[in-house]
Amino acid sequence: MQGVRSKLLLASNSPRRRELLLEAGFGFEVFAPDVEERFDVDLTLRELTALNAIRKAMAAAQLRPKNVVLAADTLVAIDDRILGKPRDKSAAVSMLRQLSGRAHEVCTSVFICHLTRARHGESVRWRTRSTSFHEISRVRFRRLSRDQIDNYLARVNPLDKAGAYAAQGFGRAIIEKIDGSHTNVVGLPMEKTIPALAEFGIEPGSDND
């Protein structure tokens, strides 16, 4: 990209996505507008995560134009039932029981956009450049007893995690195997995110912070 380098904005309060971007060497600012995540049983896993990612990214981009905005949404599905974030500990226990000893899918959709001004004669309009993609990984849980579930929930906060669990940290105690992208299960598929950001002039090591 020519001219002034655009700043990367992460439209997410997820500490896991922040950690993945930092570990990859990106400089960025967190700017996450208050956008309620949709949960529509009539949408597929990919459609629902894509909808939420787009809504979050566009809300941030409209408030902070001229910056490159990245938003993502991650959900879990088992037997075509989509699992979002549990509302309380009881719901978290129920989710982990459903996942115990079985395989499920984790889908993350990512939406990256950049709003810039374009002059048309005497008028100035905003032009949107964007890209989107998704990644699906298959995760198999160990068979968990109620004591193991309670032990896990005593060590993590499940209420901000789709499916009530995280792949990193104590996740090793409950996850038997991950087929596909590990970073996707964490919350941001870096294998696809890094080259996608490069198309917007955002690269690891750049002074975007």
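S.K.: I'd like a description of the overall build of the protein chain, backed by residues and values.
M.R.: Summing up its helical and strand segments, the protein chain has six helices and seven strands in all. For 209 residues, the compact-globule estimate of 2.2 N^0.38 gives 17 Å, and the protein chain sits close to it at 18 Å. Taken along its principal axes, the extent of the C-alpha atoms in the protein chain is 65 × 35 × 25 Å. Of the contacts formed within the protein chain by residues at least 6 apart in sequence, a portion of 71% connects residues at least 24 apart. If you average the places of the 32 positive and of the 26 negative side-chain charges in the protein chain, the two averages end up 1 Å apart.

S.K.: Describe the packing of aromatic side chains, with residues and values.
M.R.: In this structure the tally under the stated criterion is one aromatic pair. Pairing Phe141 with Tyr165 gives two aromatic rings, centres 4.8 Å apart and planes at 80 degrees, and the pair type is edge-to-face. Remark: Tyr165 occurs in the loop between helix H4 (146–153) and strand S7 (175–179) and Phe141 occurs in strand S6 (residues 123–141); sequence separation between them is 24 residues. Judged on exposure class, the residue Phe141 and its partner Tyr165 are both buried. Note that Arg129 overlies the ring of Phe200, its terminal NZ or CZ placed 4.4 Å from the centroid. A cation sits over an aromatic face here: Arg155 above Phe170, 6.0 Å from the ring centre.

S.K.: Break down helix H3 (residues 89–99) for me, citing the residues and quoting the values.
M.R.: Among the residues making up H3, those that are buried are Ala91, Ala92, Val93, Met95, Leu96 and Leu99. Its side-chain oxygen 3.3 Å from the backbone nitrogen of Ser90, Asp88 forms the N-cap of H3. At the C-terminal side of H3, Gly101 shows a positive phi close to 70 degrees.

S.K.: Tell me what's going on with the pattern of salt bridges, and back it up with residues and numbers.
M.R.: Tallied over the entire structure, the rule returns 12 salt bridges. The residue Asp73 makes a salt bridge to Lys56 at a minimum N-O spacing of 3.5 Å. On the criterion of sequence distance, the pair formed by Asp73 in strand S3 (residues 68–78) and Lys56 in helix H2 (residues 45–63) is long-range, its members being 17 residues apart. Each member of the pair, Asp73 as well as Lys56, is classed as buried. Across the pair Lys161 and Asp160 runs a salt bridge whose closest N-O atoms are separated by 2.9 Å. Three or more residues joined by partner-sharing salt bridges are found here, namely Glu37, Lys56, Asp73 and Lys85.

Conventions adopted
Residues numbered from 1 in each chain as written. Predicted model: local features only at pLDDT ≥ 70, side-chain atom pairs only at ≥ 80, totals over all residues. Heavy atoms only, no water. Helix = DSSP H or I, 4+ residues; strand = E, 2+ residues; numbered from the N terminus. Rg over C-alpha atoms; globule rule 2.2 N^0.38 Å. Contact = heavy atoms within 4.5 Å. Lys, Arg positive; Asp, Glu negative; His and termini not counted. Charge placed at Lys NZ, Arg CZ, Asp CG, Glu CD. Phe/Tyr/Trp six-rings, centres within 6.5 Å; stacked < 30°, edge-to-face > 60°. Buried < 20%, exposed > 50% of the residue type's maximum accessible area, 1.4 Å probe, protein only. Lys NZ or Arg CZ within 6 Å of the ring centre and 35° of its normal. Polar contact = N/O pair within 3.5 Å; in protein donor to acceptor, adjacent residues only side chain to side chain. Salt bridge = Lys/Arg side-chain N within 4 Å of Asp/Glu carboxyl O.

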